[in-house]
Amino acid sequence: MTPAHQGFLNRWSLEGLARLLRVVAGLAVAGMVLSACSSATEIWDKVTQKDDTFVDEPAEKLYNEGLFLTNEKRDPKGGAKKFEEVDRQHPYSDLARKSLLMSAFAYYQANDYDSCIGAATRYVTLHPGSADAAYAQYLIAASHYDQIPDVTRDQGRTEKAIAALDEVVRKYPTSEYAVSAKAKLEAARDQLAGREMNVGRYYMQKRNYTAAINRFKVVVTQYQTTRHVEEALARLTEAYMAIGIVSEAQTAAAVLGHNFPDSPWYKDAYNLVKSGGVEPSENEGSYISRAFKKLGLG
């Protein structure tokens, strides 16, 4: 369990222990009283044909049972069901709000990401000003992030993860979850860049240089801080030289050399433009140059 999740859980588990002891004592007394009149109750139920298949349980009892199942029994799905019962049976109690977020947490622990997203989204909608709204938003983002597929597949889930992670950083920049969200955000952006590189390489193999350039251009203009940008600049050098747009090839090589002088990709790009009888030379009007200057990297 990550520090972000553990910190949240520690705050909410301890206060439940005291409540549990009070509830157990109360139930013991109530059991003694009820046992004395059980016979009369049974007769009355038969007369009135009372349906006793459902009995309301105290909110604290349900809540602490949820904690016990989630933490001690390692049955987060069972725990989530208990938390949902608090919200269903006692929707206006103080524990209803906590139970809603705990159900999201438990579903996340069970890898039931869609249920987690549903519960956490409901929490953020109902309690946007809560101190724990940041964690609920983080759960939404983490649920999307944990489902990111490899670069050969559709990256719709990655885009959702980026949007949700950005929401954490934007809305809760000073929260304890912002640091983790930023790290995940960079990894998710790297994934999207990897997808563009994967397709771009495919087009290069097919000698469809224009299509390849369009893919590498996305990496250079949108994902300059990812690990794929060095190769993207080298590939642009190669593709532009192949179709005879030498000035853009020179710019790609020059920007690559300026920002990553020790990169093996720069050595390849440099040798490529030299083989064409020119040197790396940056055209500051090129989109490649502008993309890096925008981030202060040019």
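In the block above lies the structure referred to throughout.
Here the structure is a predicted model, which means the values were calculated and not measured.

A.B. asks: Any details on the overall build of the chain? Residues and values, ideally.
C.D. replies: Scanning the chain for helices and strands turns up 14 helices and zero strands. Written out in order from the N terminus, the α and β elements of the chain read α-α-α-α-α-α-α-α-α-α-α-α-α-α. Within the chain, the fraction of its 298 residues that count as buried is 44%. For the chain, the proportion of contacts with a sequence separation of at least 24, taken over those separated by at least 6, is 62%. Carbon and sulfur atoms provide 53% of the accessible area of the chain, an area that totals close to 15800 Å².

A.B. asks: A description of the environment of threonine 174 should follow, citing residues and the corresponding values.
C.D. replies: Structurally, the position occupied by threonine 174 is in the loop between helix H8 (156–171) and helix H9 (178–205). C-alpha of threonine 174 to C-alpha of alanine 134: the two residues are 40 residues apart in sequence and 9.9 Å apart in space.

A.B. asks: Could you give me a rundown of helix H6 (residues 113–126), with the residues and numbers involved?
C.D. replies: For an α-helix, 3.6 residues make a turn, and residues three or four places apart therefore share a direction. Over its 14 residues, H6 runs 20 Å from end to end, which matches the ideal 20 Å to within 8%, given 1.5 Å per residue. Against the buried residues of H6 lie helix H5 (94–109), helix H7 (133–145) and H8.

A.B. asks: An account of the pattern of salt bridges is needed here, citing residue identities and associated values.
C.D. replies: Once the charged atoms of two side chains with opposite charge are near each other, the side chains can pair. For the structure on display, the rule yields 15 salt bridges. Across the salt bridge formed by aspartate 190 and arginine 227, the nearest N and O atoms sit 2.8 Å from each other. One end of the pair, aspartate 190, is in helix H9; the other, arginine 227, is in the loop between helix H10 (209–222) and helix H11 (229–243), and 37 residues separate them in sequence. Here glutamate 196 makes a salt bridge to arginine 215, at a shortest N to O gap of 3.2 Å. You can see glutamate 196 sitting in helix H9 and its partner arginine 215 sitting in helix H10, a full 19 residues away along the chain. Look at arginine 215 and you get partly exposed, because its relative accessible area is 27%. Ionic contacts of the salt-bridge type, sharing partners, join the residues Glu57, Lys61, Glu65 and Lys82 into one network.

A.B. asks: So what's going on with unusual backbone geometry? Which residues, and what values?
C.D. replies: A positive phi angle is found at arginine 74, which is not glycine, with a value near 55°. With respect to the element layout, arginine 74 can be found in the loop between helix H3 (59–72) and helix H4 (76–89). One non-glycine residue, arginine 207, lies in the positive phi region at around 60°. Considering the arrangement of structural elements, one finds arginine 207 in the loop between H9 and H10. Arginine 207 gets classed as exposed once you look at its relative accessible area, which sits at 62%.

A.B. asks: Kindly report on the packing of H10 against H11, identifying the contributing residues and their values.
C.D. replies: Direction vectors running N to C along H10 and H11 enclose 150°, while the axes themselves pass 9 Å from each other. Taken together, H10 and H11 sit at an angle that is classed as roughly antiparallel. Relative to H11, the crossing made by H10 is left-handed. Here Tyr209, Ile213, Phe216, Lys217, Val219 and Val220 of H10 come into contact with H11, specifically with Val229, Ala232, Leu233, Arg235, Leu236, Ala239, Tyr240, Ala242 and Ile243.

A.B. asks: Residues and numbers for the packing of aromatic side chains, please.
C.D. replies: Here a ring pair, both rings aromatic, is described through the centre-centre distance and the interplanar angle of the planes. Inspection of every chain in the model, using the stated rule, returns seven aromatic pairs. Through a chain of ring-to-ring contacts, the aromatic side chains of Tyr135, Tyr138 and Tyr177 assemble into a single cluster. When the ring centre of tyrosine 287 is taken as reference, the NZ or CZ atom of lysine 217 above it lies at 4.7 Å.

A.B. asks: Describe the packing of H5 against H6, and please don't skip the residues or the numbers.
C.D. replies: Two numbers describe how H5 lies on H6: the axes approach to 7 Å, and their chain directions differ by 155°. Accordingly, the angle class assigned to the pair H5 and H6 is roughly antiparallel. The chirality of how H5 crosses H6 is left-handed. Where H5 abuts H6, its residues Arg97, Leu100, Leu101, Ser103, Ala104, Tyr107 and Tyr108 lie against Tyr113, Ser115, Cys116, Ala119, Ala120, Arg122, Tyr123 and Leu126. Here the residues of the contact of H5 with H6 sort into eleven nonpolar, two polar and two charged.

What counts, and where the lines are drawn
- Residues numbered from 1 in each chain as written.
- Predicted model: local features only at pLDDT ≥ 70, side-chain atom pairs only at ≥ 80, totals over all residues.
- Heavy atoms only, no water.
- Helix = DSSP H or I, 4+ residues; strand = E, 2+ residues; numbered from the N terminus.
- Buried < 20%, exposed > 50% of the residue type's maximum accessible area, 1.4 Å probe, protein only.
- Contact = heavy atoms within 4.5 Å.
- Areas by Shrake-Rupley, 256 points an atom, 1.4 Å probe, with all protein chains shown as cover.
- Expected span 1.5 Å × (residues − 1).
- Salt bridge = Lys/Arg side-chain N within 4 Å of Asp/Glu carboxyl O.
- Axes fitted to C-alpha atoms, helices over the stretch in contact; angles between N-to-C directions.
- Parallel < 35°, antiparallel > 145°, perpendicular 65-115°, else oblique.
- Left-handed = near helix turned anticlockwise from the far one by under 90°.
- Phe/Tyr/Trp six-rings, centres within 6.5 Å; stacked < 30°, edge-to-face > 60°.
- Lys NZ or Arg CZ within 6 Å of the ring centre and 35° of its normal.
- Nonpolar A, V, L, I, M, F, W, Y, C, P; charged D, E, K, R; others polar.

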